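Residue-level structural notes
One letter stands for each residue in the lines below.
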Amino acid sequence: MDLLRRKVRPELKPPDTLSRYVVTKHAWYKHYKRIFLVTPTAIHTQNPERTLVLTNSYTFAGDSDIESVSLGTDEFEFVISARQDKKGKFKPLKFTCKHRQLLLTDLFQCMAAASAMGRCLVAAKVLGPSHEFPAAKWSRSSSGWVPVMLRVTAFGLEALDPQSKAASPAQSARKLSVEALAGMTDVLVMSGANTVSRRLVVTPTSVITRRADSHDVVARRPLSAIAALVRFADDPKLLAVEWEDGVPPSQFVTPARDAVLAALLGAAQAAAGRPIAVMPGFTCPGDVIITDHKHASHAPATEPEPELARMYLAELNGRGREVAPALSGSSMMFYQAVAVLHCLQRLASNPHMAEQVMAAPAALARVWACLACGSDHVVAEAGRLLVRLMAPAPARHGAPPWRLLRAAAPLGSEDIFLTNSREDNATARTAKQLALPPSLAAERLAVLLQPLAGENVSALTSMALLEVVAAIAVDPGARTTDTSLQDACLRAAAALGRPLFGLFAHPAARVADGAAVLMRAIAECGAAAAAPMRDAALREGEKAQLSQELVASWADEHAPALALLRRIFPPGLVAVGGLRGNWPAFWAAAAKDHCHAGLIWNESTRRELRDALDREVAGLRAARTRVAKGGGGWPSWNWGEFSVAYPSTASQLCIGGVYVRLLLEGGDPSEPALVSAAASLLTCILAHNAAALSRLYLSGAFLFGLAYCGSNLEELAGLFKAAHLVQGFRGAAEVTAGLPLVQRSYLGVLLPESLLHMLESYGPGVFAAALAGDHATPEIIWTAGMRQQRLIPAMLQHLGDFPHRLAQHCHAVYEYTPPPPLAWPELADEIWCHRYYLGNLCDEERFRGWPVVEHIPLLQALMEQWRAELARQPLAMSETQACEALGLSPGPDGVVSEDDMRRAYRALARRYHPDKNPSPEARAKFLQVQKAYERLQAGAAGGQGPQAWRLLLMLRAQCILFRRYGAVLAPYKCVGILSMDVAPTAPEAVITSHTLRTLAGLAAVDAARREMEKQRQLLADIVKCCELSRAPAAVDAALMAICHMAASPALQQLLLEVGALPYLIPLLLEYDVTLSPETSARLQLPFSGPAGVSSSAGAAAGQGQQVGGGLEGGFKLLDSALVRPNMQEARSQHALLAAQALARLAGLLREPHHTPANAAAASALAALLTQSLAGRLAEPDPRPLLLCLNSSMETAQVIWNSGMREELSKVLAGQRSHGSDLAALQSFSFSSLAGELQPTHGPRVSLLLHKLLPPGLVATIAEGPPDAVMRALGQSVETPECMWDARMAGQAAAEVAQLAAAIRKQHAAHSFDWSPPASYQLQYDSLRGEVYVGGVYVRLFLKNPKYAVRDPVKFAEALVERYLQELTAAAAGGASEALAIATGAPLVPTLVTAMAWGHSASILVLETLKRALSLGNRQRDLLVGQAVQP
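Below is a short write-up of the structure. Along each chain, the written sequence defines residue order, and numbers are assigned to residues from 1. Residues qualify for local features only when their pLDDT is at least 70, as the model is predicted, and side-chain atom pairs are given and counted only at 80 or more; totals for whole chains, interfaces and linings, by contrast, use all residues. With hydrogens and water excluded, all non-hydrogen atoms of the structure serve as input to the side-chain values.

**Topic: the overall build of the protein chain**
Numbered from the N terminus, helices here are DSSP runs of H or I no shorter than four residues, and strands are runs of E no shorter than two. On a plain count of helices and strands, the protein chain comes out with 64 helices and 34 strands. Buried, partly exposed and exposed residues are distinguished by accessible area as a fraction of the type maximum, computed with a 1.4 Å probe on protein chains only: under 20%, between the cut-offs, and over 50%, respectively. Out of the 1430 residues in the protein chain, the part that is buried amounts to 46%. Two residues qualify as a contact provided that any one of their heavy atoms is within 4.5 Å of a heavy atom in the partner residue. A fraction of 62% describes how many contacts in the protein chain between residues 6 or more apart in sequence connect residues 24 or more apart. Each accessible area is a Shrake-Rupley estimate made with a 1.4 Å probe; only the visible protein chains count as cover when residues are assessed. Entry remark: accessible area of the protein chain is about 69,800 Å², with carbon and sulfur atoms responsible for 57%.

**Some remarks on a nonpolar patch on the surface**
Taken together, the side chains of Phe-133, Val-152 and Leu-157 define a hydrophobic patch exposed on the protein surface, amounting to about 290 Å² of accessible area. Here Leu-157 lies in strand β10 (residues 156–160). A relative accessible area of 60% means that Leu-157 is categorised as exposed. Patches here are clusters of residues that have more than 30% relative accessible area and form no salt bridge, with a 9 Å joining cutoff for like charges and a 5 Å cutoff for nonpolar side chains (Val, Leu, Ile, Met, Phe, Trp, Tyr). Salt bridge, as used here: a side-chain nitrogen of Lys or Arg that lies within 4 Å of a carboxyl oxygen of Asp or Glu.

**Details of the nonpolar core**
What makes a nonpolar core is a set of buried Ala, Val, Leu, Ile, Met, Phe, Trp, Tyr and Cys residues whose side-chain atoms join them at distances within 4.5 Å. Ranked by size, the top nonpolar core spans 87 residues in total, and within it Leu-229, Leu-264, Met-390, Leu-448 and Leu-518 carry the most contacts. Here the element with the most residues in this core is helix α13 (residues 459–473); it accounts for twelve residues. Residues contacting Leu-448, with those up to four places away along its chain left out, are Trp-368, Leu-371, Leu-465, Val-468, Val-469 and Ile-472. Among the nonpolar cores identified, the runner-up in size contains 79 residues, and Leu-1069, Leu-1136, Leu-1165 and Leu-1169 belong to it.

**Remarks on the packing of helix α9 (residues 376–390) against α13**
Interaxial angles span 0 to 180 degrees and are taken between N-to-C directions of axes, which are lines fitted to C-alpha atoms, for helices over the stretch in contact. Two elements in contact, α9 and α13, have axes separated by 8 Å at closest approach and are oriented at 25 degrees. Considering their axes alone, α9 and α13 lie roughly parallel with respect to each other. At the point where α9 passes α13, the crossing takes the left-handed sense. Side by side, α9 and α13 meet where Asp-376, Val-379, Ala-380, Gly-383, Arg-384, Leu-386, Val-387 and Met-390 of the first sit next to Leu-460, Thr-461, Ala-464, Leu-465, Glu-467, Val-468, Ala-471 and Ile-472 of the second. Residues belonging to the contact of α9 with α13 are distributed by class as follows: eleven nonpolar, two polar and three charged. Angles below 35 degrees are treated as roughly parallel, those above 145 as roughly antiparallel, those between 65 and 115 as roughly perpendicular, and all remaining angles as oblique. Helix crossings fall into two classes, left-handed where the near helix is turned counterclockwise from the far one by less than a right angle and right-handed where it is turned clockwise. By the convention adopted, Pro, Cys, Tyr, Trp, Phe, Met, Ile, Leu, Val and Ala count as nonpolar, Lys, Arg, Asp and Glu as charged, and the other residues, Gly among them, as polar.

**Overview of the pairing of strand β13 (residues 206–211)**
Looking along a regular strand, one sees side chains alternate from face to face of the sheet. Of all six residues in β13, five are buried; the element is thus mostly enclosed. Inspection of the sheet shows β13 paired to strand β14 (residues 217–222) by five bridges, in the antiparallel sense. Within β14, the residue paired with Ser-206 across the bridge is Pro-222. Strand pairing follows a simple DSSP-based rule, namely that at least 2 bridges must link the two strands.

**Brief notes about the pattern of salt bridges**
Scanning all chains against the criterion turns up 29 salt bridges. Arg-257 serves as the salt-bridge partner of Asp-258, at 3.6 Å between the closest nitrogen and oxygen. Of the residues examined, Asp-258 reaches a relative accessible area of 13% and is grouped as buried. The class of Arg-257 is buried, set by a relative accessible area of 5%.

**Overview of the sheet that holds strand β4 (residues 53–59)**
Spatial strand order, β4-β3-β2-β1-β7-β6-β5: seven strands in an open sheet with antiparallel pairing. At either end of the open sheet lies a strand with only one pairing partner, and these are β4 and β5 (66–71). The sheet shows a mean angle of 35 degrees between the axes of neighbouring strands, direction not considered. In this sheet, strand β3 (residues 42–47) lies alongside strand β2 (residues 31–38) in antiparallel orientation, the contact comprising four bridges. Bridged to Phe-36 within β3 is Thr-45.

**Details of the sheet that holds β10**
Note on sheets: strands pair through backbone hydrogen bonds, and any given pair is parallel or antiparallel. Across the sheet, three strands lie side by side as β8-β9-β10; this open sheet has antiparallel pairing. Both edges of this open sheet fall to β8 (131–139) and β10, since each of them pairs with a single strand only. The average undirected angle you get between the axes of adjacent strands in this sheet is 35 degrees. Note that strand β9 (residues 144–153) and β10 share five bridges and pair antiparallel.

**Things to note about α9**
Compared with the 21 Å implied by 1.5 Å per residue over 15 residues, the 21 Å span of α9 between its first and last C-alpha is a close match. Of all 15 residues in α9, 14 are buried; the element is thus mostly enclosed. Multiplying 1.5 Å by the residue count of a helix minus one yields the expected span of that helix.

**Side note on the pairing of strand β15 (residues 226–231)**
Along β15, six of the six residues are buried, which leaves the element largely enclosed by surrounding structure. Relative to strand β16 (residues 238–243), β15 runs antiparallel, the two being bridged by five bridges. Opposite Ala-228, over in β16, you have Glu-242 as the bridge partner. The loop that links β15 with its antiparallel partner β16 comprises six residues. The sheet contact formed by β15 and strand β18 (residues 277–279) spans three bridges and is parallel.

**A short note on the packing of helix α12 (residues 441–453) against α13**
Axis separation between α12 and α13 bottoms out at 10 Å; the angle between their running directions is 140 degrees. The angle between the axes of α12 and α13 places the two elements in the oblique class. With respect to the hand of their crossing, α12 and α13 are arranged in left-handed fashion. On α13, the residues touching Leu-448, Leu-449, Pro-451 and Leu-452 of α12 are Thr-461, Ser-462, Leu-465, Val-468, Val-469 and Ile-472. For the contact of α12 with α13, a count of residues per class yields eight nonpolar, two polar and no charged.

**Some points on the side chain of Asn-47**
Relative to the helices and strands, Asn-47 is located in strand β3. For Asn-47, a relative accessible area of 1% puts it in the buried group. Beyond its immediate sequence surroundings of up to four residues, Asn-47 is in contact with Arg-34, Leu-52, Val-53, Thr-55, Tyr-762 and Val-766.

**Some points on the environment of Val-726**
Take Val-726: it is sitting in the loop between α27 (714–723) and α28 (741–744). Val-726 sits in the partly exposed class, given a relative accessible area of 40%. Separated by 19 residues in sequence, Val-726 and Ser-745 place their C-alpha atoms 7.7 Å apart. Discounting chain neighbours no more than four positions away, the residues touching Val-726 are Leu-693 and Ser-694.

**What about the packing of aromatic side chains?**
What describes a pair of aromatic rings is the distance from one ring centre to the other and the angle between the planes of the rings. Only Phe, Tyr and Trp rings take part, Trp by its six-membered ring, and two of them pair if their centres are within 6.5 Å. Stacked means planes under 30 degrees apart, edge-to-face means over 60, and tilted covers everything else. Tallying each qualifying case throughout the model produces 23 aromatic pairs. Taking the centre distance of 6.0 Å and the plane angle of 75 degrees together, the rings of Phe-704 and Tyr-814 count as edge-to-face. Highlighted residues: Phe-704 in helix α26 (residues 701–707) and Tyr-814 in the loop between α32 (802–808) and β25 (832–833), separated in sequence by 110 residues. Residue classification places Phe-704 among the partly exposed positions, given a relative accessible area of 27%. Owing to a relative accessible area of 11%, Tyr-814 belongs among the buried residues under this scheme. Taking 4.8 Å as the distance between ring centres and 80 degrees as the angle between the ring planes, the aromatic pair formed by Phe-1228 and Phe-1230 counts as edge-to-face. When sorted by exposure, Phe-1228 lands in the same class as Phe-1230, which is buried. We call a charge positioned over a ring when the NZ of a Lys or the CZ of an Arg lies within 6 Å of the ring centre and within 35 degrees of the ring normal. Positioned above the aromatic ring of Trp-949, the side-chain terminus of Arg-950 is 5.7 Å from the ring centre.

**Quick notes on helix α29 (residues 753–762)**
With eight of ten residues buried, α29 is to be regarded as a mostly interior element. Those residues of α29 not exposed but buried are Ser-754, Leu-755, Leu-756, His-757, Met-758, Leu-759, Ser-761 and Tyr-762. With its phi angle positive at about 95 degrees, Gly-763 sits one or two positions after the end of α29.

**Quick word on the state of the cysteines**
Only a pair of cysteine sulfur atoms within 2.5 Å qualifies as a disulfide here. Enumeration over the complete set of coordinates arrives at zero disulfides. Here Cys-842 stays free of any disulfide, with the sulfur of Cys-959 as its closest cysteine sulfur at 8.6 Å. Here Cys-1026 is not cross-linked by a disulfide; its sulfur's nearest cysteine counterpart is in Cys-1025, at 7.4 Å. A relative accessible area of 4% places Cys-1026 in the buried class.

**A look at unusual backbone geometry**
Of the consecutive residues Asp-475 and Pro-476, the connecting peptide bond is found in the cis state with omega at 5 degrees. Looking at where Pro-476 falls in the secondary structure, it is placed in the loop between α13 and α14 (483–494). Here the phi dihedral of Glu-854 falls at roughly 55 degrees; this positive angle occurs in a residue that is not glycine. The residue Glu-854 is located in the loop between α33 (838–841) and α34 (855–870) in this model.

**Things to note about the environment of Leu-969**
With respect to the helices, strands and loops of the structure, Leu-969 is situated in helix α39 (residues 966–969). For the pair Leu-969 and Ile-856, spaced 113 residues apart in sequence, the C-alpha separation works out to 6.7 Å.

Dropping the structure here:
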């Protein structure tokens, strides 16, 4: 709709565009839509949100800007390595497109075509080589296979002729076009139960739906084919269009429904030449009573029979009596009221039937009651009925009452009545007399105009009511109105003031025309009648605002009027302002003096223009006076030949609109063409000179550019875009990568941050349009007044007389002086956050439903600004000190004027700016001057700390974000914006503590708990507050709230689901076991005493003290100080409250503090605290339990130690970080308890395992943990310490199955004490022959002697013992001979060598020789011979 209101033409695509696609460009800071254009030599991107402005271009022909093209990580992503300029570095540009294959195919084909002509050197690198393969193709003509060559390329498969290698002709490139749009808005098109996003476009002759992503036309329908529009009564966003030619109705969904309907209604009635009905629902077959010439395709056609009409009129009279008293009731009554008004409108189309309608008792009074009913649709249809009665002829043709029905009829002529019959005139007079009798005229006019005075009036309502007013007070309808009634109506309309000006922005063009005609009628009514409107015009701004709005309304988009203005004003002035779509800049330029090569405009030329217009008006009035006295036909203005000559400039030689003398003399260089050329030249020159570009600010180029008052800002914006972030105006110590945009940009002190955001995010084109226009939206606040009355004068004042000196001496060099920061009073009540003004964003009356992008970054920015605002300290410098630093004295009222501040800043900056004075003292002085200037700019509020209105605005913005985008932001929702490490005295901690205390008190009431059951997020926030370790009062209140909420089973379950256990259990582990008895006695136990009594910890421990009564003890905590001097005592109090909260959540406490039992909570606590400790939560005094949990204990009933506490803490921390999983908590088990069994069964189980499993595997099981045991049983292992394979596992499983069968048989005989036989041992075939010594298989150890055994000492001792045993057995069994020849080397030298290993080795050698040299060894001589050999 912006294009409809502003009448902006979209930029056309490059003429050689072959294809285009909608893509998403991925930047580091955001993702945004672009239209990707492919041409034969380059690629381009356009911004679809800003009139298709061209944002970037990258050529691949000649000196290529593209280095490579690669695919991304998903099916839609691709990356282009490109550079912005010819000498820049190549950087990756990431895009995603649903039609990636087609896009890359088109791009690669263009590259290949350019490469074939020798124009694309990068094609070989991007496309890679092609490959050809012989193949056969079926030929229909020859009914056989013919040979072909297939070429495989990066962009497709080509069939080549085997001889010529020529490819078959490719299809011609697609041609896309974009026609000029009259109006455009995004809608959802309904198709059955589905909706698709579309862009609805209204042109003067057609209504078009386009695809939102590609802008391709989906449907185009003529406006003249519209039979009716449908404004559904029960859905505020749904509308439909019924067609007369058999096409089913089209349904659309849009938040701006009434604006779209108004635009469609105005355009359709103008195109069709007939009235169009706006129905409250679809036209059903059989519902049509009396129709016009056109009707819905699915409605039956009937003839208008007078008798039938009279019969239904009588019926409608009765229905009207039923509907009128209930107009403020249900939507069904509104639906009936609209239906009745539609029928009356159709009846009123016939003059005779109109008389019957007006003759019905109190008919018009009931219609007037409809105007005050408050339903937009009913009010609009009542107004359209009055137009049918008061302006019959135009209404029958769908024209507004002020429209001339004959094109040749001049304004004010009697020809207006040539199409009005006497019956029509009589009907109009009668309707006005009956509807507005003198006694009720003032009252009913007030009712008629009251909706127009509102700010949120429906577009349909304002259109209908404006036409009623025009039918009464504006020609030609005023010819049938009593003079006193016309005067009263015009005065009442003039009293509207500002809302009347707002009609110029109406989505229907006919309404803007009507507002202009009505203003003219008011002005012609006399000074007294027009005074309120003129006062409103003065309040709106300039004195000439009214006439400027009228000229803009009559001339914009009207070629003859624009041609007339170009003949009236000098060409240079028209070039500066631009006329169409830029009227504020044109009027601002016309109000100033100009003397340069492009324009001479001053008081003399303005007087010459005024004299020429006065002469023309005087001549026209004289001619009409003669006609009024009977002097002939009514004269009209010969505007086609009117032009204005300016004698004061006649002596100047002007060639092509340029004054040669001023050009040669170096006059004011503000001629538009020169400005554009100079900016383009600077951009081109500096693009390859980074050093010069960084010092551009010293030339004053930014200041001169902002002082330029013209509207051709595109080239200047391009220069700003290239330079504003690379200026070296900050010292090296001040440059930080994380600085916000306003501090990194040289323009940060001169322009609002929203304009800088437009420049960086949307490009120079959008920035130029924004700087020259008027905007008041959540994304930008900028008006012509801010530019013309503040920015430009400030820049000219800062430049001083240099522009005049430059005109006298073109070689003059600007002496740079840093400009003072500009303050914008228009933004005093606003906060800029991320990319939005929060005041406008939160204004849901003006900007309801404003689309918000980048939801998560905006939320993060809001939180950062909230923290910054809370941490904001009053400025250290007072206003008096600031005045002293600047050398200023406050005026009589104690205020320093802004001009004086700027003047003083400029003078001191010339002396102390680092670019002027490099000394360290000068830099310090300049920083002091800057702080003083900022202090005076901040005013009284600037000297204070956090501002309540700013905090409130940030909270409202967060509420809007979470309400509209809750699903997106749900993972990021936290406890407001409170840091877990906040100090207890910080404002946010104080607010949170008092809020939690209030909630804790409410939670003690049943009715409040029932309401809390509906607030899941509230419960989650309360639970998270248990982590505010530095704010003990907040934690106390949160725990008390949880204790009270646990009385409700529904709240118990919700608390478990939002993760109460992972937040409460860690508090148990913070109890201080070293507390003194006195300190322990001060701790409160609200749920430990008998009914009505709350005990302290000391009383609960048996000290005989009781405090409080009922809830008094718990509420005493809520009244305690926010700051606690003893944090150990505070944390111990948290542990006591957490224990009681857990007990109440599980329903473990006894009466009178009993709560419903919760099996899920009890099961989770038993797993997390062990069964024995969890059961002790039911004790009235949780202190013994807390002592146990915060120390180490190992008894027959309890095992608890620091390792278990550490393991529990890690599990709970993970639950808090990744979300609570109650099932995971219930199944938790401590790894240190994995091998623990009941004491009476432990030894028996160990013995049984040794009988069933290999000894090495039993050792692995004993060491644990459980997951390692399961892995060991499920895999094959062969190490010196453990042997286990699938065969052994199968053998063990079969044996266990046999044992289990035997045990079940014994149990069936009622014998439950089973044990295996004493000699029972499972023998594994795989272990036969293996020597197992000291936990090690000797054979495997000898294969791998470097293996690190688990217990080497045990292994060595066992090995020696086994060796001696085997040696003794071998000698006794006559095996000494085998021992003598057991080794390949001689035995004796080997043993003697081993004696050098130490005492233990010597003993073993001697024992071996002793047994080897026994008398029974027949190889003894051999051994002796080995010993005596040298």
